[in-house]
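Given next are the chains, with one letter for each unit.
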2 protein chains.
Amino acid sequence: MAIGNYIYEFGRQTDGDASRRALLGGKGANLAEMARIQLPVPPGFTLTTEVCALYREAGKKLPEELWEQVQTAVRHVEEQQHKRFGDADNPLLFSVRSGARESMPGMMDTILNLGLNDGTVIGLKNRTQNGRFAQDCYRRFIQMYGDVVLGIHAPDEHAADPFEEILKNIRQEAGVAQDPELDESSLQELIRRYQELIRRRTGREFPQEVGEQLRGAIGAVFESWDNERAVIYRRKYNIPSNWGTAVNVQAMVFGNQGNRCATGVAFTRNPATGEKQFYGEYLVNAQGEDVVAGIRTPQPIAALEREMPESYAALLEVRQKLEEHFCDMQDFEFTIEQDRLYMLQTRNGKRTGLAAVRIAIEMVDEGKISQDEALRRIPADSISSLLVPVFDEGKKSSVSRIAQGLPAGPGAASGKICFSAKRAEELQAQGERIILCRQETSPEDIRGMLASEGILTSRGGVSSHAALVARQMGKVCVCGATAIEMDYAGQTLRCGEHRLSEGEAISLDGTSGEVFLGSLATAPSEVNRVLAGQMPAEESYTYRLFDTLMSWADRRRRLGVRANADTPAQATEAFALGAEGIGLCRTEHMFFEGQRIDFMREMILAESVEERKAALAKLKPLQRGDFEAIFRAMQGRPVTIRLLDPPLHEFLPQDEETMKVLARRTGLELGKIRLRVAALHEQNPMLGHRGCRLGISYPEISEMQAGAVFEAVAQVLAEGISVAPEIMVPLVGFADELRHQVALIHAAAQCVMRDRNCVLTYTVGTMIELPRAALVADTIAQEAQFFSFGTNDLTQTTLGMSRDDSGSFLPQYIGEEIVKRNPFATLDVEGVGQLMQLAVERGRKTKPDLKVGICGEHGGDPDTIQFCHRLGLSYVSCSPKRVPVARLAAAQAALQAENP
Amino acid sequence: MAIGNYIYEFGRQTDGDASRRALLGGKGANLAEMARIQLPVPPGFTLTTEVCALYREAGKKLPEELWEQVQTAVRHVEEQQHKRFGDADNPLLFSVRSGARESMPGMMDTILNLGLNDGTVIGLKNRTQNGRFAQDCYRRFIQMYGDVVLGIHAPDEHAADPFEEILKNIRQEAGVAQDPELDESSLQELIRRYQELIRRRTGREFPQEVGEQLRGAIGAVFESWDNERAVIYRRKYNIPSNWGTAVNVQAMVFGNQGNRCATGVAFTRNPATGEKQFYGEYLVNAQGEDVVAGIRTPQPIAALEREMPESYAALLEVRQKLEEHFCDMQDFEFTIEQDRLYMLQTRNGKRTGLAAVRIAIEMVDEGKISQDEALRRIPADSISSLLVPVFDEGKKSSVSRIAQGLPAGPGAASGKICFSAKRAEELQAQGERIILCRQETSPEDIRGMLASEGILTSRGGVSSHAALVARQMGKVCVCGATAIEMDYAGQTLRCGEHRLSEGEAISLDGTSGEVFLGSLATAPSEVNRVLAGQMPAEESYTYRLFDTLMSWADRRRRLGVRANADTPAQATEAFALGAEGIGLCRTEHMFFEGQRIDFMREMILAESVEERKAALAKLKPLQRGDFEAIFRAMQGRPVTIRLLDPPLHEFLPQDEETMKVLARRTGLELGKIRLRVAALHEQNPMLGHRGCRLGISYPEISEMQAGAVFEAVAQVLAEGISVAPEIMVPLVGFADELRHQVALIHAAAQCVMRDRNCVLTYTVGTMIELPRAALVADTIAQEAQFFSFGTNDLTQTTLGMSRDDSGSFLPQYIGEEIVKRNPFATLDVEGVGQLMQLAVERGRKTKPDLKVGICGEHGGDPDTIQFCHRLGLSYVSCSPKRVPVARLAAAQAALQAENP
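The rules behind these values
Residues numbered from 1 in each chain as written. Chains lettered and ligands numbered in written order. Predicted model: local features only at pLDDT ≥ 70, side-chain atom pairs only at ≥ 80, totals over all residues. Heavy atoms only, no water. Contact = heavy atoms within 4.5 Å. Buried area = accessible area lost by both parts, 1.4 Å probe. Salt bridge = Lys/Arg side-chain N within 4 Å of Asp/Glu carboxyl O. Polar contact = N/O pair within 3.5 Å; in protein donor to acceptor, adjacent residues only side chain to side chain. Nonpolar A, V, L, I, M, F, W, Y, C, P; charged D, E, K, R; others polar. Helix = DSSP H or I, 4+ residues; strand = E, 2+ residues; numbered from the N terminus. Pairing = 2+ DSSP bridges. Axes fitted to C-alpha atoms, helices over the stretch in contact; angles between N-to-C directions. Parallel < 35°, antiparallel > 145°, perpendicular 65-115°, else oblique. Left-handed = near helix turned anticlockwise from the far one by under 90°. Buried < 20%, exposed > 50% of the residue type's maximum accessible area, 1.4 Å probe, protein only. Least-squares fit on C-alpha atoms with pLDDT ≥ 70 in both. Arc of directions from axis to C-beta.

Quick look at the interface of chain B and chain A
Here's step 1: Chain B puts 46 residues into the contact, and the matching count from chain A is 46 residues.
Here's step 2: Summed over both sides, the interface between chain B and chain A buries roughly 4100 Å², with carbon and sulfur atoms accounting for 55% of that surface.
Here's step 3: The tally of links from chain B across to chain A stands at 6 salt bridges.
Here's step 4: As a salt-bridge pair, A:Asp828 and B:Arg772 come within 2.7 Å of each other at their nearest N and O atoms.
Here's step 5: Taken together, the connections running from chain B to chain A amount to 32 residue pairs in polar contact (both at pLDDT 80 or more).
Here's step 6: Counted by class, the side of chain B that touches chain A contains 17 nonpolar, 16 polar and 13 charged residues.

Here we look at the side chain of A:Glu711
Here's step 1: Along the polypeptide, A:Glu711 turns up in helix H27 (residues 699-718).
Here's step 2: Every residue in contact with A:Glu711, bar those within four places of it in the chain, is listed here: A:Lys620, A:Arg624, A:Val752 and A:Arg756.

Some thoughts on the sheet that holds strand S27 (residues 582-586) of chain B
Here's step 1: With parallel pairing, 8 strands are arranged side by side around a closed barrel as S26-S27-S28-S29-S30-S31-S32-S33 (chain B). Averaged over all adjacent pairs, the angle separating strand axes in this sheet is 30°, with direction ignored.

Some remarks on the packing of helix H3 (residues 66-81) of chain B against helix H8 (residues 210-224) of chain B
Residue and element names in this part refer to chain B.
Here's step 1: Here H3 crosses H8 at 115°, and the two axes come no closer than 12 Å. Classified by the angle their axes make, H3 and H8 are roughly perpendicular. The chirality of how H3 crosses H8 is right-handed. Of H8, the residues touching H3 (which contributes Trp67, Val70 and Val74) are Gly211, Leu214, Arg215 and Ile218.
Here's step 2: A class-by-class count of the residues in the contact of H3 with H8 yields 5 nonpolar, 1 polar and 1 charged.

Quick word on the environment of B:Ala32
Residue and element names in this part refer to chain B.
Here's step 1: Its place among the elements puts alanine 32 in helix H1 (residues 21-36).
Here's step 2: In this structure alanine 32 comes out as buried when scored by relative accessible area, which is 2%.
Here's step 3: A sequence separation of 13 residues divides alanine 32 from serine 19, and the C-alpha atoms of the two residues are 9.9 Å apart.
Here's step 4: Other than its neighbours up to four places away in sequence, alanine 32 contacts Phe10, Thr14, Gly16 and Asp17.

Some thoughts on the relation of the copies chain B and chain A
Here's step 1: Between the two copies, chain B and chain A, the superposition gives an RMSD of 0.2 Å; the rotation angle is 179° and the shift along the axis is 0.0 Å. Taken together, the rotation and translation relating the two chain copies correspond to the operation of a two-fold axis.
Here's step 2: Of the interface residues in chain B, 100% have counterparts in chain A that sit at the interface too, so the contact is made through matching surfaces.

Some remarks on helix H16 (residues 421-429) of chain B
Three- or four-residue spacings in an α-helix give side chains the same orientation, since the helix completes a turn every 3.6 residues.
All names here are of chain B.
Here's step 1: Among all positions in H16, only Ala421, Ala424 and Leu427 are buried. All buried residues of H16 project into a common sector of 125° when viewed along the axis, lining one side.
Here's step 2: The elements touched by buried residues of H16 are strand S16 (412-418), strand S17 (434-438) and helix H17 (446-451).
Here's step 3: One or two steps after H16, the chain reaches glycine 431, where phi turns positive at roughly 95°.

Focus on the pairing of strand S31 (residues 786-789) of chain A
Residue and element names in this part refer to chain A.
Here's step 1: Of the two faces of S31, the one lined by Phe786 and Ser788 and the one lined by Phe787 and Phe789 are each fully buried.
Here's step 2: In this sheet, strand S32 (residues 851-854) lies alongside S31 in parallel orientation, the contact comprising 4 bridges. Across the sheet, residue serine 788 finds its bridge partner in S32, namely glycine 853.

Here it is, written out as structure tokens:
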């Protein structure tokens with residue numbers, strides 16, 4: 001089979017197939033698979049990811065026995081291509097390309113035309129009868145090799161690349177504007193100077209021995225797995241560093257041999273919108289990265305039908321074969337050499353969230369995949385992109401539309417112009433919303449793209465680096481807006497009469513490709529408009545997609561989905577998005593608005609129980625009103641209300657000026673206010689006098705809150721609307737704390753039932769948000785009718801890590817993989833998860849049918865939802881906007897559990 | 001057996017015995033036991049603690065069926081005493097006294113002479129031929145009944161007791177100074193006014209029906225279990241509130257029938273020093289509480305030999321019989337009625353720590369108990385009292401000795417005079433050291449006594465309330481210093497020419513009974529002097545006691561005992577007190593002294609790694625010197641050094657003024673200092689950038705510290721002293737954090753070994769102080785050679801409770817028994833203990849012989865040590881002074897585990 005376990009061939013003999021991604025990387029596995037289904041793939045071989053692991057473990061050294069195996073594989077390619085590697089007469093050339101398990105576009109390095117030297121370049125010229133072509137291949141090779149293998153770059157991002165600098169000089173000397181205009185002798189001079197540069201920089205000659213060239217290239221590609229941009233990319237997409245990359249060595253075919261040659265990139269469907277249309281672009285007489293580099297703006301794929309009708313027909317056939325075989329939208333690279341089509345790569349196409357939803361649903365309609373497969377395939381977060389605001393069409397006429405580009409990343413983004421990735425990062429850190437404006441983008445810009453709201457390029461097509469990355473990041477992107485001129489030196493952007501500088505606002509409509517001056521107002525998405533009854537469902541195809549997907553998800557999921565909502569407006573939104581209840585209604589947020597904060601402060605500054613009760617009495621009707629509105633919005637679905645949680649000092653002014661205002665407004669002595677503020681100060685408020693500790697110190701607060709809830713329940717019941725209130729006691733660590741509060745709450749209910757002569761049904765439960773609560777969940781369950789995990793605090797206490805303060809070390813931890821994921825975004829299953837599991841087991845040992853939910857921010861995170869499903873939780877609760885994501889993730893969790 | 005399960009008799013028929021303490025209370029069980037061994041006990045019966053529980057559960061109502069059983073029991077006493085309860089001719093009187101499982105002296109209520117009314121008082125007079133005596137008994141009864149059952153007290157502590165007020169008027173009218181001088185008719189008038197007071201206050205007549213009297217008294221005694229002072233006492237001594245009290249109803253005998261009568265209290269050995277001498281005091285012609293109330297200063301027991309030789313001989317016989325039977329020092333109450341001795345109570349005597357040690361060891365010498373029993377019996381904390389400083393004898397001549405009292409609580413105490421318990425509490429809260437000065441103390445003074453360093457009374461003997469409570473609290477006490485006059489109104493204390501006001505300093509020598517003016521210098525205890533080689537061992541009996549006890553303990557214990565020591569001086573002390581190593585050496589404490597804080601601040605303010613390294617280089621030799629001295633002091637015993645733990649802002653000045661000083665001293669810009677201080681500020685520093693997080697962010701800090709350790713090791717080894725260093729990484733939550741630091745430490749060791757051409761042996765381990773660390777202890781153990789529980793932080797994180805901030809609610813929690821013990825003093829076994837158990841199991845699953853210790857402050861707490869023994873820990877580590885306590889507690893834990 002494979003050659004000595006390190007090498008898998010494809011071509012005449014094919015060792016691998018699409019199922020071997022982990023070993024061969026995505027590119028290698030799919031080259032093998034295409035070879036198997038008789039697509040025209042130039043022969044070659046793949047060095048496995050295991051070699052990469054060995055290389056990294058051995059301190060960047062290739063295994064000794066590898067080289068012999070490479071030579072065998074090279075011989076096999078020579079036989080198929082009837083050329084010899086390093087042969088001065090009829091040279092075989094190779095491309096050497098990385099290929100990781102998950103596609104990491106542009107992150108790692110590629111070397112083309114390997115095998116050229118001062119001798120073989122003559123052979124190539126003679127064989128192709130094209131001296132200019134041969135020298136162009138050679139100069140490209142030296143440039144890539146010098147950069148990737150020999151490490152000759154610009155010293156920093158502002159300096160020019162030394163190879164490009166030489167190329168520019170040669171163009172000037174030759175008096176030409178574009179590289180293709182350089183003639184053979186200019187190219188020869190260019191090569192001489194490139195070789196001189198290498199000699200000067202490395203103290204050695206450019207290697208003429210093709211074996212040495214190949215060895216160097218393989219090492220450098222493995223090396224590129226650990227380059228800075230790849231590491232950043234992995235971090236963002238949670239790709240483990242120990243996966244490693246494979247290296248693909250493949251016989252070269254040439255899209256740059258003349259006008260019957262081309263190279264291109266195509267998608268079987270539109271990756272931005274998901275529409276079923278052939279989509280892509282190509283460049284005539286070009287090689288490799290020319291298409292995606294964005295230097296020349298390529299032709300749309302449709303143009304090929306006219307220029308090279310046979311090749312176009314062959315491409316359409318490939319398109320169909322690929323979709324039928326892979327049952328997913330494919331993104332593939334091809335080269336046409338003298339009217340002959342070659343396939344260089346295929347992979348499942350990266351797509352926007354909208355496209356992910358549309359393609360999956362339409363493929364179900366087409367019978368290509370099952371509903372379950374569609375549910376599995378759509379990243380849960382994708383559904384959000386159907387809900388993000390769009391520009392208000394009605395307002396578009398009120399601003400200037402300054403340019404039209406290609407719609408490469410759908411959505412609406414407004415922000416301040418910025419011309420470099422680094423600056424974008426800086427401004428974002430200062431809280432600015434940024435639109436990154438570049439001629440084209442390159443892998444060095446990744447971090448700046450991440451920091452931006454949207455990306456605008458003046459060059460490059462829909463498969464350019466900018467478009468590709470923006471799609472994957474879910475960023476709004478308009479590319480190839482050719483009317484715009486980016487003047488980096490002047491830090492301005494010119495477009496007709498408009499001249500904009502850094503900091504001025506523009507707006508990008510990534511769905512239409514339009515660029516507007518200033519900040520354009522947004523409007524709710526179609527889905528939201530339908531849900532709000534502002535648009536008929538049948539008018540919106542997007543809504544049909546949303547509704548279909550949600551109905552499939554709801555059939556599959558077993559976890560309930562609730563929302564965290566503190567206000568009637570949030571409750572209404574949650575209800576519309578399908579929340580089955582409110583899992584967390586934080587009552588303290590009700591104490592900040594308007595006059596309420598004054599009453600709250602009076603309460604806190606009270607010097608006796610009587611004074612405190614008097615202040616609470618003013619708050620009670622306001623709270624009751626909020627509860628009534630929330631109950632009405634939820635129409636009988638359960639509403640979990642948490643009693644006051646934060647420490648009291650959060651409600652008091654901390655600075656002298658506000659204290660003075662408070663003194664004037666309340667008539668309290670300033671000195672007393674100062675003293676009380678000082679007395680309430682805490683070293684570690686997270687671990688201080690808060691949660692149920694407040695309700696125990698000041699029972700009258702819990703009494704007021706419970707009273708307000710029950711009075712609201714009675715009122716709304718009287719209106720004929722059913723209500724299912726669940727009162728939740730925060731920060732319980734000891735069963736007796738809960739017992740204390742439960743008694744108060746029952747007494748408050750009794751009181752309302754007596755006064756109003758009615759019967760109220762309700763439950764009382766607790767947050768599990770302290771390690772101790774999880775550990776003694778069996779005793780706490782005796783007092784509780786339900787549990788709800790407060791995973792924010794549970795994470796902070798279990799890890800001994802304050803979310804507010806972790807900024808000083810957590811980024812480094814994530815960078816060095818000391819922690820694998822940010823534990824405040826995705827639940828730390830290994831640690832916090834153990835406590836949750838204990839709590840569920842012990843709680844249900846006491847009460848087998850105990851309802852257990854989660855209401856921390858993790859409740860909207862798909863990976864955490866997977867875990868919650870496995871734990872057997874009753875529901876997850878998340879922010880209203882995340883409800884659809886959670887519904888889909890819950891379905892995926894159920895599918896995953898059935899068929900892992 | 002018992003009458004209907006509620007009532008146990010003693011006398012002619014005895015149902016209970018000493019083993020039934022839980023049911024009968026200590027007093028009831030021992031009355032039964034004394035009756036069984038033929039000691040002269042007046043007959044009576046005990047209402048069990050279960051009745052108390054029923055009474056409390058039923059909302060303070062006695063069980064219906066109880067009364068019939070009481071009547072049966074009363075009839076049985078009548079038969080034995082040949083008197084009838086309520087009989088106007090020959091009345092039987094009862095005492096009604098509380099008696100809990102654990103003695104709670106003076107906490108609950110007692111009623112004597114019950115059964116007297118306007119009729120029976122005549123019968124008593126006729127039978128005894130002593131009208132004055134009969135009326136005195138009646139007035140005492142009415143007064144006690146009025147107070148205890150009818151609730152007629154002074155409205156607050158400053159007001160006079162209404163009964164005492166009337167008594168004072170009667171004395172004035174009769175022109176006498178003392179109560180015994182009042183004649184029969186005055187007493188009759190007194191009784192009339194008492195009855196009038198009751199009528200006025202309650203609107204009802206004083207009850208004449210003796211059954212009603214008995215019922216009321218029983219209820220009131222049960223009630224007194226929940227009075228404020230009993231609740232406070234229970235809280236201090238961790239007595240569960242559900243234990244309840246029994247009630248003892250016993251035939252009265254009278255020590256107040258004339259000059260052949262007396263009442264007294266005695267100890268079989270000296271409870272203050274433990275000396276084997278008969279010890280106690282008595283009052284002729286007195287009843288009940290007169291002895292301990294401290295109103296009349298009683299005679300020392302020796303005087304009885306002269307006054308009533310037969311009774312004294314009988315007492316000596318009782319003393320011997322009691323010790324032989326109970327095999328422990330007894331504290332007993334007796335009454336002599338017309339030369340006949342009656343025993344009213346016996347119990348194991350409360351004793352000082354010193355006495356506990358001496359009595360137990362001497363009883364082993366006497367063959368009364370085994371070594372194991374001696375180890376079990378001595379409260380582990382007692383050993384501390386052999387180590388507390390004493391007054392420097394050489395300095396005594398330099399201050400005025402103003403009075404001599406009875407040595408009632410040994411030790412040395414200096415502090416400011418204060419005349420009321422309440423004021424003592426206030427001043428202590430302000431950080432003052434207080435000597436509470438009272439004529440006598442009463443149960444109302446308990447909290448003030450707790451708040452004081454020492455207690456001085458001008459009246460009362462060695463069994464007075466003050467002496468008794470001081471002994472139990474381990475407070476220094478001088479009582480009955482009759483030369484001193486306490487002037488509460490003038491808030492002064494007069495003694496000869498001296499006149500001292502609140503706030504002036506005095507010193508009490510509780511071992512000699514001396515009172516000195518001003519603050520007297522202290523000197524180390526005898527034990528410490530012997531250990532320091534300043535006194536020959538054979539000259540100190542106390543040292544012999546200490547050494548004997550420690551040698552017994554060391555033979556029995558299986559837990560190692562180490563000390564927490566940060567300085568060479570602490571290490572020397574720890575070594576002398578028997579520490580087998582240092583379990584925690586906190587390196588940060590080394591950064592505060594002298595110039596070091598400046599270097600530390602330079603390090604923190606550094607703007608580059610180079611600057612930081614330069615500052616660290618200045619700190620390194622200072623740290624190395626400390627380590628060398630500690631290693632020398634420990635002579636080859638293991639020393640666990642913890643790397644820097646606290647957040648860096650703890651080292652920076654927080655106020656503007658100190659920042660300016662720092663700017664001047666370091667030449668740094670004030671603005672930069674301000675910015676850095678602000679940047680380092682944290683919301684919750686407990687959960688912030690500290691522990692190993694610092695060592696990961698600034699590896700150069702860990703490198704410097706490890707380097708300093710290893711250089712010190714090399715130096716001390718070169719001196720021919722062996723060294724066993726253990727480097728401990730703090731606040732680890734993830735295995736990779738530890739891996740990161742372990743690699744640095746190994747590298748630092750390699751470096752020193754290379755430079756000095758030597759071989760160093762050392763181990764590297766981690767604190768387990770975060771819940772996550774305990775949960776993933778299996779993976780952490782892969783990187784660690786030892787674990788050490790940091791239970792301070794583990795408690796804070798597990799409970800989500802900041803020790804610094806818990807003062808605002810924890811006292812209430814303890815008061816309401818929401819938490820049973822202060823979790824920062826005694827380990828929360830139910831919660832934190834579970835995590836420790838997990839960590840031990842999982843750590844040892846990875847490494848079966850993993851060494852696991854504890855170095856939190858809980859390491860010196862005897863109850864926690866019990867738990868650590870059960871967990872199978874390798875050692876506990878505590879402050880040097882607690883090392884002997886821990887050695888004893890560890891032995892007790894081993895004994896307890898063998899024979900629970």
